[in-house]
Amino acid sequence: MAILDGSQKADKTYTVQDFISMRDSDEITYYNYSILEYLNGIEFFVTNLLYDYEDELNEMAVLVTLTDRERAKYRYKPYLLGYDLYGAEETEFILLMLNGIIDPKEFDFKKIKAIRPSDLYDVLGRIQSVNETYLNNNRSKLQEDIKNNDGCDIWEV
């Protein structure tokens, strides 16, 4: 993996194994950073807070060069690379976002953008801290809606 400046030029190279050795958490999930709603008995995602910070996350990203063996291992499997790099399969959405794709079938790169695990944990902690009240209010409303089964009347005929 190579560290990039704003012009996308590498100044240091890392391997996937270097990245894996940096990992130390499995709490990075799409759910933990999502804004949720409840309607007609279904909990669904409205948005994810990390999309509001996409530019900042991209600035932190570094370039990871995969060996041929690693490319074959992770081809179409960002969830597996997310698990190996960050300790959670659910981090695949960060890898997809950083690499400008939405479908795992597009995940077929020799070089990918990723954030060093320690940097990712740090920035996600700050994002969660800044948005803690918002997330807590969302979860409280969600639990209240589930408890009251709010929204079901909308769909009744």
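Look up: the structure comes first, before these words.
Residues numbered from 1 in each chain as written. Predicted model: local features only at pLDDT ≥ 70, side-chain atom pairs only at ≥ 80, totals over all residues. Heavy atoms only, no water.

Draft legend 1. Up close: the overall build of the chain. When you go through the chain residue by residue, the secondary structure sums to eight helices and six strands. Of the regular secondary structure in the chain, the N- to C-terminal order runs β-β-α-β-β-α-β-α-α-α-β-α-α-α. In the chain, buried positions account for 40% of the 157 residues. The long-range fraction of contacts in the chain, counting pairs at least 24 apart against all pairs at least 6 apart in sequence, stands at 67%. (Helix = DSSP H or I, 4+ residues; strand = E, 2+ residues; numbered from the N terminus. Buried < 20%, exposed > 50% of the residue type's maximum accessible area, 1.4 Å probe, protein only. Contact = heavy atoms within 4.5 Å.)

Draft legend 2. Summary view of the pairing of strand 4 (residues 42–48). In this structure, strand 3 (residues 34–39) lies alongside strand 4, joined through six bridges in antiparallel fashion. Looking at the pairing, Glu37 lines up with Phe44 of strand 4. (Pairing = 2+ DSSP bridges.)

Draft legend 3. Representation of unusual backbone geometry within the structure. For Asn40, which is not glycine, the phi dihedral falls at a positive 55°. Among the structural elements, Asn40 can be located in the loop between strand 3 and strand 4. With relative accessibility at 37%, the residue Asn40 sits in the partly exposed group.

Draft legend 4. Inspection of the pattern of salt bridges at higher detail. Inspection of every chain in the model, using the stated rule, returns eight salt bridges. Note that Asp108 is salt-bridged to Arg71, the shortest N-O span being 3.3 Å. Remark: Arg71 occurs in helix 3 (residues 68–74) and Asp108 occurs in the loop between helix 5 (92–98) and strand 6 (111–114); sequence separation between them is 37 residues. Residue classification places Asp108 among the partly exposed residues on the basis of a relative accessible area of 25%. Salt-bridge contacts for Arg126 lead to Asp122; the nearest nitrogen and oxygen are separated by 3.1 Å. Within this pair, Arg126 and its partner Asp122 are both found in helix 6 (residues 117–130), separated by four residues, close to a single helical turn. Taken together, the salt bridges that share partners define one network made up of Glu37, Lys141 and Asp145. (Salt bridge = Lys/Arg side-chain N within 4 Å of Asp/Glu carboxyl O.)

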